[in-house]
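Summary of the model geometry
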Amino acid sequence: MKAIRRFTVRPVLPEPLRPLSELARNLRWSWHAETRDLFQSVDPERWASSGGDPVRLLGSVAPARLAELGGDRRFLRRLTAAADDLHDYLTGDRWYQTQSAGLPAAVAYFSPEFGITAALPQYSGGLGILAGDHLKAASDLGVPLIGVGLLYRHGYFRQTLSRDGWQQEHYPVLDPNELPVTLLKEADGSAARVSLALPGGRALHARVWLAQVGRIPLLLLDSDVEENDLGERGVTDRLYGGGSEHRLLQEMLLGIGGVRAVRTYCRLTGHPEPEVFHTNEGHAGFLGLERIAELCDRGLDFDAGLEAVRAGTVFTTHTPVPAGIDRFDRELVARHFGPEAELPGIDVERVLALGMESYPGGEPNLFNMAVMGLRLAQRANGVSLLHGRVSREMFAGLWPGFDPDEVPITSVTNGVHAPTWVAPEVFRLSARQIGAQRTEDALSVGGSERWDSVADIPDQDVWELRRDLREQLVTEVRRRLHASWRQRGAGEAELGWIEGVLDPDVLTIGFARRVPSYKRLTLMLRDRDRLMDLLLHPERPIQLVVAGKAHPADDGGKRLIQELVRFADDPRVRHRIVFLPDYGMAMAQKLYHGCDVWLNNPLRPLEACGTSGMKAALNGCLNLSVLDGWWDEWFQPDFGWAIPTADGADGGAPMRSAMGEDPDHRDDVEAAALYELLEQRVAPRFYERGRGGLPDRWIEMVRRTLTLLGPKVLAGRMVREYVDRLYSPAAHAHRALDHDAARELAAWKARVRAAWHEVTVDHVETSAATATAQLGSTLDLRVRVGLGGLGPDDVEVQAVSGRVDEEDRIADATTVPLKPAGGPDPEGRWLYDGPLALDRTGPYGYTVRILPSHRLLASSAELGLLAVPSEETGEGAGVLLR
């Protein structure tokens, strides 16, 4: 019979065991091995059956066992030590508290998903895992962050396979009372609420759940409350589910409701108000509108409010393709704002203008969430050096006239939270070398360029560690494969072969990620005979462990999974290649620990960063990847291999072909390059043995990976970069933009925009008498400009110089400001001059441009305005140096 109501009965812990509750409710246990070991010792079998979830564990332990532990002095000593350690972690000074004054009092970090632990399944893939690692690293560093997201009642889907290998989705119901979260409550004990106005006089209400991630509060908004109608209750039903209006409401609740939740949390707890708001992707972009509305209520107009909000906002883009951005119909957005809906004090047209693709090639009737995010943030970044370049090109239309290199989007390369992803065995091996505390600090705080102590670990220890982790992976794969086949309908008698799946002494390659087409799950299948030869090689075999989920609406991705599953089902190779369904954090950790090589073969440059290979590297796994995302930035032959690609990005000689844009030919060529690497370089090195019977050269690559790559890929490094390069400048800008300064800046921008059509470069001349000049010489440059109604304090006149190509385009440009030499003349023109140093040989050119200039601008490109000489004004291509 089915229950008509569900509720949770919590155990009453004996008084000596009360600290267990606090330890279970703070998600630091998810990356703190001693705390997990303590919970495991409560009841090892129930710990395993609970999936390593302390809340579920404590809800199922027999009262007799709890009473027994309450009298176990050894257990109580361990419990006291763990509780004291957590207290010290939460209250003591950390890296952030030792930095110079002036850092933000608090930072609000908004993301549509957070991957903290499998026990809180509120993530779908890399974006959520990155957000979770960001919070954990901020906690370890002591950064006063407040996380903001949504609590999805069904989370992301669980994946199984049909008998013929087709992905099937299941949406389990998550009861917040069974999750490691607590309800945020008002002083009177009632649940704290936020509300949004909807068209037609309706409202969307949400309560706020609090997950404590170490030192970081994570606020999760939940619309499944009785005050809502059925439709509104379902707004937070599924991660990335539903149609356009459903997604719009989710993003309005995340952005607008999220700001209101932050205000409520700070009011109730006394937490400092955020000075910086960080938008992790465009989904939360509406937070800027709510903050403008707050300032309008305090007396600012929209334009001044916009400037004040932009100053303290950081926007991170994670997608390298326009198709990955949420875009909504203009009329749909208009219906949800204005007098009859949300933010009634803001003109709907001002809202729409923030998201309109008002640039060449844009869709004028679509509202683009990333475009709004960029317009509402004074600072923006991509998530790797290559992705920063791709983003500057993709969004260059917002800054017309500027070269992509000057578009004000920087990059902070992602990192991963090592204490979450490093195997306990790796931690213990390091702790034997340098001590547990130094190891913990190195993995969480980071800061060193090299981990030289790895050099002191004997080769034998490194190799035994890698084999131990590989053997654990084999055991885990067999267990999961058995469960998968049972779900697919196989009888127990059919599955004896699973005991022979994988071999702990065979080179093991992992490939696990989401399954959009650009990640090319099935590139390895382009030549099946060649792959079979690799899998079944009599002396140097390889084995493959593959996992991944396709979006429920992506039938193309599901077909890729089915194609791979059918290949892996072949009795000839099924002991060497497996597909594991329901890829998630718990599975991922075993894969990263146990694989020898991590494979990544996306279409370059469509991988924004890709952090799975980082997690594998921290466990001594070598990367075999296309030069995309972070691998393009940090690849060295010491760390692994670069798969040659059709665009010539292979870390060596270009691999050009005449295939043009034919995707099939491209995939054939790149798959062949992958096979050749595996056959000629990867497998031979793994199986090659030195005099001591060990694969000396392979072990040295593992050692170099840990020594040189390990410190780079840390989330601690990433968060420290955010603090130094983005959060701190944003906090200073936020403080500088008080109400008067915001009004001043808004009025100045309006005046500059109105007058800019009159700004001209009228005449340029130099002291060069010929078309050649000597290296190291200096030219005198004189420029006459028209500023219309503006003055020299409103602009900067620059000389831009550098090498030129055949079409006179300047590359690697150097800019030098010119100074006013007098004026205005009777015609209202100003004279500027300055030196032009000729510091490079070869074809060399220069030009002059005028940009807006104000002390409160973060970038001279911020307004997207510039004036350059007309073709009649200049002197030609410049000078030729010898």
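Above: the structure in question.
Quick caveat, the model's predicted, so the values are computed rather than measured.

Quick look at the pairing of strand E24 (residues 795-804)
Of all 10 residues in E24, eight are buried; the element is thus mostly enclosed. Taken together, the nine bridges between E24 and strand E28 (residues 842-852) define a ladder with antiparallel strand orientation. Its bridge partner being in E28, Val797 is matched across the sheet by Ile850. Between E24 and strand E25 (residues 810-817), which pair antiparallel and follow one another directly, the connecting turn spans five residues, one of which, Asp808, has a positive phi of 65°.

Points about empty space enclosed by the protein
Taken as a whole and assessed by the stated rule, the structure comprises seven cavities of 30 Å³ or more. Quantified by volume, the largest cavity comes out at close to 90 Å³. Lining the largest cavity are 13 residues, and of these Leu481, Trp485, Ala568, Asp569 and Phe579 sit closest to its centre. Residue assignment for the lining of the largest cavity shows that the elements contributing at least two residues are helix H19 (459-487), helix H21 (555-568) and strand E17 (577-580). Within the lining of the largest cavity, the residues separate by chemical class into nine nonpolar, one polar and three charged.

Here we look at the sheet that holds strand E26 (residues 819-822)
With respect to topology, four strands assemble into an open sheet ordered E21-E23-E27-E26, the strand pairing being antiparallel. If you trace the sheet from one side to the other, it starts and ends with strand E21 (760-766) and E26, each paired once. On average, each strand axis in the sheet is inclined to that of its neighbour by 30°, with strand direction left out of account.

What about the side chain of Glu113?
Within the secondary structure, Glu113 is located in the loop between strand E1 (107-110) and helix H7 (126-141). Of the buried charged residues, Glu113 lacks a salt bridge, with Arg514 as the closest side chain of opposite charge at 7.1 Å. From its side chain, Glu113 meets the backbone nitrogen of Ser124 in a polar contact 2.6 Å long. Of the polar contacts made by the side chain of Glu113, one reaches the side chain of Tyr240; its length is 2.6 Å. Setting aside chain neighbours within four positions, we find Glu113 in contact with Gln122, Tyr123, Ser124, Gly125, Leu127, Gly128, Ala131, Leu239 and Tyr240.

So, the nonpolar core
Among the nonpolar cores identified, the biggest contains 109 residues, and Leu507, Leu591, Leu624, Trp641 and Trp698 are the most heavily contacted of them. Grouped together as the second largest cluster of nonpolar side chains are 102 residues, Trp748, Val752, Ala773 and Val785 included.

A few points about the side chain of Arg513
Residue placement: Arg513 occurs in the loop between strand E15 (507-512) and helix H20 (528-535). Once you skip the residues sitting within four places of it in the chain, Arg513 turns out to touch Lys519, Ala547, Gly548, Lys549, Tyr583, Trp598, Leu599, Asn600 and Ser612.

Some remarks on the environment of Tyr583
For Tyr583, the location among the structural elements is in the loop between E17 and helix H22 (585-594). Taking the C-alpha atoms as reference, Tyr583 lies 9.6 Å from Ser124; in sequence the two are 459 residues apart. Residues contacting Tyr583, with those up to four places away along its chain left out, are Gln159, Ala512, Arg513, Ala547, Gly548, Lys549, Ala588, Leu591 and Tyr592. A polar contact of 3.0 Å, which involves the side chain of Tyr583, links it to the side chain of Tyr592.

Cut-offs and rules
Residues numbered from 1 in each chain as written. Predicted model: local features only at pLDDT ≥ 70, side-chain atom pairs only at ≥ 80, totals over all residues. Heavy atoms only, no water. Buried < 20%, exposed > 50% of the residue type's maximum accessible area, 1.4 Å probe, protein only. Helix = DSSP H or I, 4+ residues; strand = E, 2+ residues; numbered from the N terminus. Pairing = 2+ DSSP bridges. 1 Å grid on protein atoms, 1.4 Å probe; cavity = no way out; pocket = protein on both sides within 12 Å on 5 of 7 lines; lining within 4 Å. Points joined across faces, edges and corners; volume = space filled by probe spheres on them. Nonpolar A, V, L, I, M, F, W, Y, C, P; charged D, E, K, R; others polar. Axes fitted to C-alpha atoms, helices over the stretch in contact; angles between N-to-C directions. Lys, Arg positive; Asp, Glu negative; His and termini not counted. Salt bridge = Lys/Arg side-chain N within 4 Å of Asp/Glu carboxyl O. Polar contact = N/O pair within 3.5 Å; in protein donor to acceptor, adjacent residues only side chain to side chain. Contact = heavy atoms within 4.5 Å. Core = buried A, V, L, I, M, F, W, Y, C linked by side-chain atoms within 4.5 Å.

All quantities given are derived from atomic positions and should not be read as evidence of function.
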